[in-house]
Amino acid sequence: MAHDSAHRELTVAVLGPGGTGGLLAALLARAGHRVICLAGDDTASTLRTAGLQLRSGTFGDFTTPVEADTELREPVDACVIAVKHTSLPSALDRVPPTTLGDGLVVPLLNGVEHPAALRARYRPDRVAPAVIRVESTRVAPGVIEHGSPFAELDLTGDGVPRDRLDALASVLSAAGPTTRVLDDETAALWAKMSFLAPFALLTTLYALPLGEVRTRHREELTALVEETAAVSAACGGPADPAQALARYDAFPPGTKSSMQRDAEAGRPLELDAIGRALLRAADRHGVQVPVTARVVRELADTGH
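Read on for a plain summary of the structure. (Residues numbered from 1 in each chain as written. Predicted model: local features only at pLDDT ≥ 70, side-chain atom pairs only at ≥ 80, totals over all residues. Heavy atoms only, no water.)

## A look at the pattern of salt bridges
Two side chains of opposite charge can pair, provided their charged atoms sit close to one another. For clarity, the threshold we go by: Whenever a carboxyl oxygen of Asp or Glu lies within 4 Å of a side-chain nitrogen of Lys or Arg, that contact is scored as a salt bridge. In this text, helices come from DSSP runs of H or I with a minimum length of four residues, and strands from runs of E with a minimum of two, each type numbered from the N-terminal end. A simple rule labels every residue: compare its accessible area, found with a 1.4 Å probe on the protein chains alone, to the largest value its type can have, and call it buried under 20%, exposed over 50%, or partly exposed in between.
Enumeration over the complete set of coordinates arrives at 27 salt bridges. R123 is paired through a salt bridge with D102; the nearest N and O atoms lie 3.4 Å apart. A residue pair is termed long-range when its members are at least 10 positions apart, and R123 in the loop between α5 (114–121) and β8 (130–133) and D102 in the loop between α4 (97–100) and β7 (104–107) qualify at 21 residues. You can call D102 partly exposed: its relative accessible area is 25%. Salt bridges linked by common partners bring D102, R123, D125, R126 and R164 together as one network.

## Let's talk about the sheet that holds β8
We count it as follows: Being paired, for any two strands, means DSSP has found at least two bridges between them. In this description, a line fitted to the C-alpha atoms serves as the axis of each element, helices being fitted only across the stretch in contact, and the angle between N-to-C directions of two axes falls anywhere from 0 to 180 degrees. Whether two residues are in contact is decided by their heavy atoms: any pair within 4.5 Å suffices.
Judged by pairing direction, the sheet is mixed, and its 3 strands sit side by side in the order β8-β11-β12 without closing on themselves. The outermost strands of the open sheet, each flanked by one partner alone, are β8 and β12 (178–181). The mean angle between the axes of side-by-side strands here comes to 15 degrees, regardless of whether they run parallel or antiparallel. Here helix α6 (residues 162–175) sits on the sheet and contacts β11 (152–155) and β12; the angle it forms with β12, its principal contact strand, is near 170 degrees.

## Details of the side chain of S257
Position of S257 relative to the elements: it lies in the loop between α10 (241–250) and α11 (258–264). Setting aside anything within four residues of it in sequence, one finds S257 in contact with F199, A200, T203 and T204.

## Details of the environment of P65
Mapping P65 onto the fold places it in the loop between β4 (62–64) and β5 (67–69). For the pair P65 and A167, spaced 102 residues apart in sequence, the C-alpha to C-alpha distance is 24 Å. Each residue touching P65, except ones within four places of it in the same chain, is listed here: A29 and G51.

## Remarks on the nonpolar core
Inclusion rule: In plain words, nonpolar cores are sets of buried Ala, Val, Leu, Ile, Met, Phe, Trp, Tyr and Cys residues tied together by side-chain atoms within 4.5 Å.
The biggest cluster of nonpolar side chains holds 40 residues, and the ones touching the most others in it are V35, C37, L52, L54, V106, L155 and L168. In terms of residue count, helix α1 (residues 19–30) provides more of this core than any other element does, 7 residues in total. The contact partners of C37, leaving out residues within four places of it in the chain, are V14, P17, A25, L47, L52, V66, E67, A68 and D69. The next biggest cluster of nonpolar side chains, apart from the first, holds 39 residues, and it includes A197, A200, V225 and A244.

## Quick notes on the sheet that holds strand β6 (residues 78–81)
The 5 strands are arranged β5-β2-β1-β6-β7 in an open sheet whose pairing can be described as parallel. Two strands in the sheet have a free side with no partner beyond their single neighbour: β5 and β7. Strand-to-strand twist across the sheet, computed as the mean angle between neighbouring axes with direction ignored, equals 20 degrees. Packing against the sheet, α1 makes contact with β1 (11–15), β2 (34–38) and β6, and its axis sits at approximately 155 degrees to β2.

What follows is the structure, encoded as structure tokens:
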């Protein structure tokens, strides 16, 4: 497969065509790329007949045909992994390493531990972790609502050929989401983790939107932000607690985290990927995180 022209037609598999995966799949398909959605029988069958429907104030409302299957059966340029951590091991069965071959593996997962797991299964120099900033929800199989006025992607990948990253970023940007390639994978993943962990853990623990957490539980939020920043710094990531707090303050007060939405819907929580992963990293580097440890313990005790 030639990777010279940035705007040639790509073949992209999307594992988990939910809120985020479905948004990218719909935008890429509309831009003329070949998209293969990988999902369970029912979803795959719905997508094959009805296509993917996107409702978006930013990108418009449209329905686009996509291919759909329960397993990857041919090589692709890239495979976007957009399932939750809680279903990752079983979902990866849909993407056999031998079939994927030279394709990029682009996980959009929360947390910091998944790149190592994916590199153990696929070609390590083809794993390109991405961080996406977006609010997008699957309201029914094949129906995606993109609620935020933005969709921004940071693409990284230690050891991945730069021309492969640039070509994919260029295709994504042309299709819709503003995409940039970042040199430092660790920094990119920890920047997301530092923002996400305090927000996800506290909104879920108190079952309150961000506006109430940042006023009624300000002290605890500040402590979590400072502890997370210390762990991030120890791991080689950025540490700017004041900036993190300023970002929370700028969000609409009704903002909820995806973990909180999972709790409300009775779905499994990504507590291991977000909370316990933070504790494991703290432990490895000897960083004290008493408030985070207590919050994770309390969340675990609520039956999650």
